Structure formats: structure tokens, C-alpha cells
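# Inside the fold
Listed below are the residues making up each chain.
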Amino acid sequence: KVTATQPSKATLTTMAVKITAGTLKAPTPQITGTTTTGRTVKVSKGTWTSGTKLSYRWHANGKPIPKATKAIYKIAARYRSQTLTVTITGKKAGYTTVTRTSPGRTVR
């Protein structure tokens with residue numbers, strides 16, 4: 001609560017309002033396709049809150065794969081026998097940013 005007064009003027013009082021961020025609908029993504037080196041896999045993102053901006057990051061054994069930031073990824077031979085995951089981050093004004101990671105899939 002804020003009150004402002006000035007001699008010979010009206011008193012003004014305002015109340016602060018706490019704004020709570022919304023909650024994004026954010027399902028767990030799934031890797032689709034054959035996880036074999038040389039093959040292209042993609043992420044099934046599910047249905048997020050309308051208007052959410054999504055970004056993607058692929059990982060091998062928990063480490064980010066350089067330049068792998070799209071919804072599809074062609075698996076490089078160096079990731080054979082490693083566990084592949086993809087993380088989606090969703091952002092929307094007025095909402096809390098949410099990150100979801102797929103279950104891992106072993107690269108053959």
C-alpha cells in the first residue's frame with residue numbers, strides 16, 4: 001500500500017497487486033525414429049500451451065551435442081552406444097519457463 005500526500009492536494013492511495021506467473025502445459029517429449037547412427041530422429045513434443053515458443057537441445061550421455069538445436073537430429077557415428085535425449089524449453093510471456101527432457105534412447 002502506497003499513500004502520497006501533498007499540502008492542499010488530495011491524498012492518493014494505491015495498492016500493490018502481486019502477479020503470479022501462469023503455468024505452461026508442458027508434456028514430456030519423446031524421441032521418434034530409429035536411434036541408429038546416420039539416421040534422423042525427431043522429437044514428438046506433445047501439446048503445449050498455445051503460443052509457447054519452444055527451443056530444442058539434443059544430448060548424448062547428458063552432454064549437449066554441438067549445433068543440435070532443432071526438432072530433428074541426424075545421429076553422428078561418434079554417439080554410438082551413448083544415450084540420446086532431447087530437452088525442450090518452453091517460454092511465453094506471463095508464464096514460468098518450463099523445461100522437459102525425453103526418456104533416453106541408446107544409439108546403435
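A few points on the structure.

What counts and how
Residues numbered from 1 in each chain as written. Predicted model: local features only at pLDDT ≥ 70, side-chain atom pairs only at ≥ 80, totals over all residues. Heavy atoms only, no water. Helix = DSSP H or I, 4+ residues; strand = E, 2+ residues; numbered from the N terminus. Rg over C-alpha atoms; globule rule 2.2 N^0.38 Å. Buried < 20%, exposed > 50% of the residue type's maximum accessible area, 1.4 Å probe, protein only. Contact = heavy atoms within 4.5 Å. Areas by Shrake-Rupley, 256 points an atom, 1.4 Å probe, with all protein chains shown as cover. Pairing = 2+ DSSP bridges. Axes fitted to C-alpha atoms, helices over the stretch in contact; angles between N-to-C directions. Core = buried A, V, L, I, M, F, W, Y, C linked by side-chain atoms within 4.5 Å. Polar contact = N/O pair within 3.5 Å; in protein donor to acceptor, adjacent residues only side chain to side chain.

Looking now at the overall build of the protein chain. A count of helical and extended segments in the protein chain gives zero helices and 10 strands. From first element to last, N terminus to C terminus, the protein chain shows the α and β order β-β-β-β-β-β-β-β-β-β. Computed over its C-alpha atoms, the radius of gyration of the protein chain comes to 23 Å, more than 25% above the 13 Å expected for a compact globule of 108 residues. Referenced to the eigenvectors of the C-alpha coordinate spread, the extents of the protein chain come out at roughly 80 × 25 × 15 Å. Going through the 108 residues of the protein chain one by one, you find that 29% of them count as buried. Put simply, 55% of the contacts in the protein chain that link residues at least 6 apart link residues at least 24 apart. As presented, the protein chain carries roughly 7,400 Å² of accessible surface, and 53% of it is formed by carbon and sulfur atoms.

The subject of this paragraph is unusual backbone geometry. Glycine aside, negative phi is the norm for most residues, and most peptide bonds take the trans geometry. Not every positive phi belongs to a glycine, and Asn61 is a case in point at roughly 50°. Structurally, Asn61 is set in the loop between β5 (53-60) and β6 (63-64). In this model, Lys67 sits at a positive phi of 65°, which is unusual for a non-glycine residue. Topologically, Lys67 is positioned in the loop between β6 and β7 (72-74). Residue classification places Lys67 among the exposed residues on the basis of a relative accessible area of 81%.

Let us look at the sheet that holds strand β4 (residues 40-44). Taken in spatial order, the three strands line up as β3-β4-β7 in an open sheet, and their pairing is antiparallel. The open sheet terminates on both sides in strands that have one partner only, identified here as β3 (30-32) and β7. Strand after strand, the sheet turns through a mean of 30° between neighbouring axes, direction not considered. Sheet topology note: the β4/β7 ladder contains three bridges and is antiparallel. Each residue of the ladder has a partner; that of Thr40, found in β7, is Lys74.

Soluble, globular proteins show a tendency: their nonpolar side chains are buried together. If you look at the biggest cluster of nonpolar residues, it comprises 20 residues, and the most contacted ones within it are Val41, Trp58, Ile65, Tyr73, Ile75 and Leu84. For this core, the secondary structure elements donating two or more residues are β4, β5 and β8 (83-91). The leading source of residues in this core is β5, at four residues. Not counting the four nearest positions on each side in its chain, Ile65 is found in contact with Arg57, Trp58, His59, Ala60, Tyr73, Tyr79 and Leu84.

By secondary structure assignment, the location of Ser102 is in the loop between β9 (98-101) and β10 (105-106). By relative accessible area, Ser102 is classed as buried at 5%. Among residues more than four places away in sequence, those in contact with Ser102 are Thr28, Pro29, Gln30, Ile31, Thr85 and Val86.

Looking now at the side chain of Thr89. Along the chain, Thr89 turns up in strand β8. Residue class for Thr89 comes out buried when judged on its relative accessible area of 18%. Of note is the side chain of Thr89, whose polar atom sits 3.3 Å from the side chain of Thr99.

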